[in-house]
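Listed below are the residues making up each chain.
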Amino acid sequence: MKPIFKPLIIIVTALLCVSLVGCGGDDEDDMKDDVAIDFVDTTWQVVSINGLMFEQLFAADEEAEFETEFMLGENSWTFSTDGSFTGTLKFIVTEKYPEPVSSMTQEIDINSAGDYTVEGTTLTVTNHDLTIDVDVTLEPKEVWEQQIVGKTVEELEDDLAAETKLGFAPTASGALFRDGTEYTWRHEEDSLTFSNLTQVIVLERAVE
């Protein structure tokens, strides 16, 4: 019943990077006016990473003996001309296990804010504040009680929540988003593409 943390780390760190990509388009000294207008006061949403749609990143591995359900609550990224950015990501991931029949639900709320500088198509993160709230629920309680030793179900829920929060931190080994890191972006009509040596992330303008 080991939870899948790696896909969560990948998507969250990618989304945090993407929020900054949008910000970079509005530096009036480096960007053309038409690009700057497209970026300012605009809400963006991530639609794919490395060719995979957002929801596919949370699908269970083909060899996994359980199924995964994903529910997106909020995927909203905005920026301003003063070099600051904000982003919110809320989602629920539920892993359902067949033997014994049980489940683990992770409710994750991530709020990102920070500052950036931009030169041409290169954006550098200069400051980042990240707030992460995670709530883990294991059901049914009596089934989990039979599977764990040395702690209560509530203690295990707290431990899993803490592990998930560490996986999302900017200092995590899999994190892409760190102060001083440079990113490259490209804007085409209503889409915004963020890329580096390992990822290609595509956003689209949110429908109001």
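Since this is a predicted model, take the numbers as computed values, not measurements.

Colleague: Got a sec to walk through the overall build of the chain? Specific residues and values, please.
Modeller: For the chain, the helix and strand inventory stands at four helices and nine strands. Per-residue burial for the chain yields a buried fraction of 45% across its 208 residues. By sequence separation, contacts in the chain at least 24 residues apart represent 64% of the contacts at least 6 residues apart. For the chain, the accessible area works out to roughly 10900 Å², and carbon and sulfur atoms hold 48% of it.

Colleague: Can you explain the nonpolar core? Please cite residues and give values.
Modeller: Counting residues in each nonpolar core, the largest one holds 38 residues, and the members touching the most others are Phe91, Met104, Val136, Leu138 and Trp144. Ranked by residues supplied to this core, first place goes to strand 6 (residues 122-139) with six residues.

Colleague: Any chance you could break down the pairing of strand 9 (residues 200-205) for me, citing the residues and the numbers?
Modeller: With five bridges connecting them, strand 1 (residues 44-49) and strand 9 associate as antiparallel partners. The partner of Ser48 across the bridge, within strand 9, is Val202.

The rules behind each value
- Residues numbered from 1 in each chain as written.
- Predicted model: local features only at pLDDT ≥ 70, side-chain atom pairs only at ≥ 80, totals over all residues.
- Heavy atoms only, no water.
- Helix = DSSP H or I, 4+ residues; strand = E, 2+ residues; numbered from the N terminus.
- Buried < 20%, exposed > 50% of the residue type's maximum accessible area, 1.4 Å probe, protein only.
- Contact = heavy atoms within 4.5 Å.
- Areas by Shrake-Rupley, 256 points an atom, 1.4 Å probe, with all protein chains shown as cover.
- Core = buried A, V, L, I, M, F, W, Y, C linked by side-chain atoms within 4.5 Å.
- Pairing = 2+ DSSP bridges.

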